[in-house]
Amino acid sequence: MSELDRADVIATLRQVIEPQSGQDIVTLGLVSGLVVRDANVGFAIEVAPEVAAQMEPVRKAAEEAVFAMPGVGSVTAVLTAERAAAAQPTERTQPAAHGPGHEHGAPQQSGPAGGLVPGVGSIVAVASGKGGVGKSTVSANLAVALARLGRRVGLLDADIYGPSMPRMLGITGKPSSPDGKQILPMENHGIKVMSMGFLVPEETPMIWRGPMVMGALEQMLRDVLWGELEILIVDMPPGTGDVQLTMAQRVPLAGAVIVSTPQDIALLDARKGLNMFRKVDVPVLGIVENMSQFVCPHCGERTDIFGHGGARAEAEKLGCGFLGEIPLHMQIREASDNGQPIVASAPESAQAQAYVDIAQRLADILGQGKARAAPKITVR
Ligand code: ADP
């Protein structure tokens, strides 16, 4: 089977007509985020939310047309509601950040996912149902642990409302841009890192509208010279609102990891996260239970202050994997606050080992192809 060609997919999509205008969906600029990976194709059709229901047959027709192409094994087409905001194309510009601009207008087929991150193997989102559960700490330590396991790893701090990676990873300064267009990621602890925090001072209030956040995220995927990466960890903004949903939809994710505390499990916040990814067909690779047990820094005694173990049971009930548990330990917080994640600063400690075990499980899952290498198979 010969390699699938993007141009052929676009040509096929040109035959899909939007009935209202009588024009094809490519000409109308509705197709974005086209990804062609091996025999798998994924793309989004951007529509105004109020016409989403009407556009479902068009989405289906587009999916079927591509599926009928020789050499296509799977197709995922999603409807996104970005279109309303996209009425002003300037929406892609980044408000406060001083990253490289785009002199050229955004090409129609180059949505966030479309050939966006060449050379990047699997993009894995780390998400949580709400803030403060240790999602960023897991992201940072997981990335460092994967690097220590010999993987080429990048970390994208998409927690745009409160980017914490510069502090957690001890990276200061601004990324450079050799050509004034693309940005070189920063590096520390063996991982490449990009964060809105490098571009915008930490104290800057970032009450951006959702689409602006998306624009910033797209830039961080599209314009950063990540180079060859096996795994790119994306630290998502906490919660399961529209911004998170749109991100999950528009970033070509191999899968998601959900971080939750025992209480969070009890309150079903983690379940919301899980449902959000399921809604957009992103496989949940597993749940991490954080602050699982309190470990006394003096005597090492473990106490189940929140009733640990709920995540494992919940993961089983929900039919997703369980990746492991991290104790509540002062050293973990101190290490993060000092810009030296525990996996880097005390790799032999039991606390660091907990992250390494999770990283190993994640690497195994990605290696077994249980995550999607490209958008998930949809056969209708
Ligand atoms: P989120 O990204 O979910 O908002 P953070 O990763 O920023 O959460 O963590 C919130 C706070 O909890 C931080 O001060 C962090 O150092 C601390 N923290 C996270 N995980 C642990 C843990 N297992 N033990 C102790 N402190 C932790």
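Residues numbered from 1 in each chain as written. Predicted model: local features only at pLDDT ≥ 70, side-chain atom pairs only at ≥ 80, totals over all residues. Heavy atoms only, no water.

Caption draft 1: Representation of the overall build of the chain within the structure. Secondary structure summary: the chain contains 13 helices and 14 strands in total. Burial analysis of the chain (380 residues in total) assigns 56% to the buried set. Within the chain, counting contacts between residues at least 6 apart in sequence, those at least 24 apart form 76% of the total. (Helix = DSSP H or I, 4+ residues; strand = E, 2+ residues; numbered from the N terminus. Buried < 20%, exposed > 50% of the residue type's maximum accessible area, 1.4 Å probe, protein only. Contact = heavy atoms within 4.5 Å.)

Caption draft 2: Looking closely at the site of the ligand. Around the ligand, 16 residues are found, and the nearest of them are Gly-132, Lys-135, Ser-136, Thr-137 and Pro-327. Asn-290 places a side-chain nitrogen or oxygen 3.0 Å from a nitrogen atom of the ligand. For the ligand, the accessible surface in isolation is 560 Å², of which the surrounding protein chains cover 82%. For the shell around the ligand, a count of residues per class yields 7 nonpolar, 7 polar and 2 charged. (Near = heavy atom within 4 Å. Polar contact = N/O pair within 3.5 Å; in protein donor to acceptor, adjacent residues only side chain to side chain. Areas by Shrake-Rupley, 256 points an atom, 1.4 Å probe, with all protein chains shown as cover. Nonpolar A, V, L, I, M, F, W, Y, C, P; charged D, E, K, R; others polar.)

Caption draft 3: A look at the environment of Ala-65. Note that Ala-65 resides in helix H2 (residues 52–67). In this structure Ala-65 comes out as partly exposed when scored by relative accessible area, which is 25%. Residues contacting Ala-65, with those up to four places away along its chain left out, are Thr-12 and Val-16.

Caption draft 4: Here's a closer look at the pattern of salt bridges. Scanning the entire structure with this criterion turns up 9 salt bridges. In this structure, the salt-bridge partner of Arg-59 is Glu-63, at a minimum N-O distance of 3.1 Å. Of this pair, Arg-59 and Glu-63 are both found in helix H2, 4 residues apart, which corresponds to roughly one turn of the helix. By relative accessible area, Glu-63 is classed as buried at 2%. With its nearest N and O atoms 2.8 Å apart, the salt bridge here joins Asp-235 to Lys-135. Taken as a pair, Asp-235 in strand E10 (residues 229–235) and Lys-135 in helix H3 (residues 135–148) lie far apart in primary sequence, 100 residues in all. Like Lys-135, Asp-235 is buried. The structure contains a network of salt bridges with shared partners spanning Glu-56, Arg-59 and Glu-63. (Salt bridge = Lys/Arg side-chain N within 4 Å of Asp/Glu carboxyl O.)

Caption draft 5: Here's a closer look at the side chain of Ser-195. Inspection of the secondary structure puts Ser-195 in strand E9 (residues 191–195). With a relative accessible area of 0%, Ser-195 lands in the buried category. Of the polar contacts made by the side chain of Ser-195, one reaches the side chain of Asp-157; its length is 2.8 Å. Once you skip the residues sitting within four places of it in the chain, Ser-195 turns out to touch Asp-157, Pro-163, Met-165, Pro-166 and Met-220.

Caption draft 6: How the structure looks around the confidence of the model for the chain. Here the chain averages 79 in pLDDT, while 79% of its residues score no lower than 70. Note on residues 83–115: pLDDT under 50 across the span, and 75 contacts to partners over four residues away in sequence or across chains. Contacts for the low-pLDDT stretch residues 373–380, under 50 throughout, to residues beyond four places or in other chains number 23 contacts. (pLDDT = per-residue confidence, 0-100.)

Caption draft 7: Representation of the pairing of strand E6 (residues 120–128). Most of E6 sits inside the fold, with 8 of its 9 residues counted as buried. Sheet analysis places E6 next to E10, joined by 6 bridges and oriented parallel. Across the sheet, Ala-125 pairs through a bridge with Val-234, a residue of E10. For E6 and strand E11 (residues 255–260), the ladder comprises 5 bridges, and the chain directions are parallel. Residue Val-126 lies in a different strand from E11, and its bridge partner there is Val-257. (Pairing = 2+ DSSP bridges.)

Caption draft 8: Structural detail: the nonpolar core. By size, the foremost hydrophobic cluster in this structure holds 88 residues, and its most contacted members are Ile-233 and Phe-277. The dominant element in this core, judged by the number of residues it contributes, is helix H13 (residues 350–367), at 10 residues. Setting aside residues up to four positions removed in sequence, Phe-277 forms contacts with Ala-125, Ala-127, Met-236, Ala-248, Leu-253, Ala-256, Ile-258, Val-282 and Val-284. In terms of nonpolar packing, the next biggest core, distinct from the first, is built from 23 residues, Leu-13, Met-55, Val-66 and Leu-79 among them. (Core = buried A, V, L, I, M, F, W, Y, C linked by side-chain atoms within 4.5 Å.)

Caption draft 9: View of the packing of H3 against H13. Where H3 meets H13, the axes come as close as 9 Å, and the angle between the chain directions of the two elements is 70 degrees. Put simply, H3 runs roughly perpendicular to H13. Here Thr-137, Val-138, Asn-141, Leu-142, Ala-145 and Leu-146 of H3 come into contact with H13, specifically with Tyr-355, Val-356, Ile-358, Ala-359, Leu-362 and Ala-363. Here the contact of H3 with H13 is composed, by residue class, of 10 nonpolar, 2 polar and no charged. (Axes fitted to C-alpha atoms, helices over the stretch in contact; angles between N-to-C directions. Parallel < 35°, antiparallel > 145°, perpendicular 65-115°, else oblique.)

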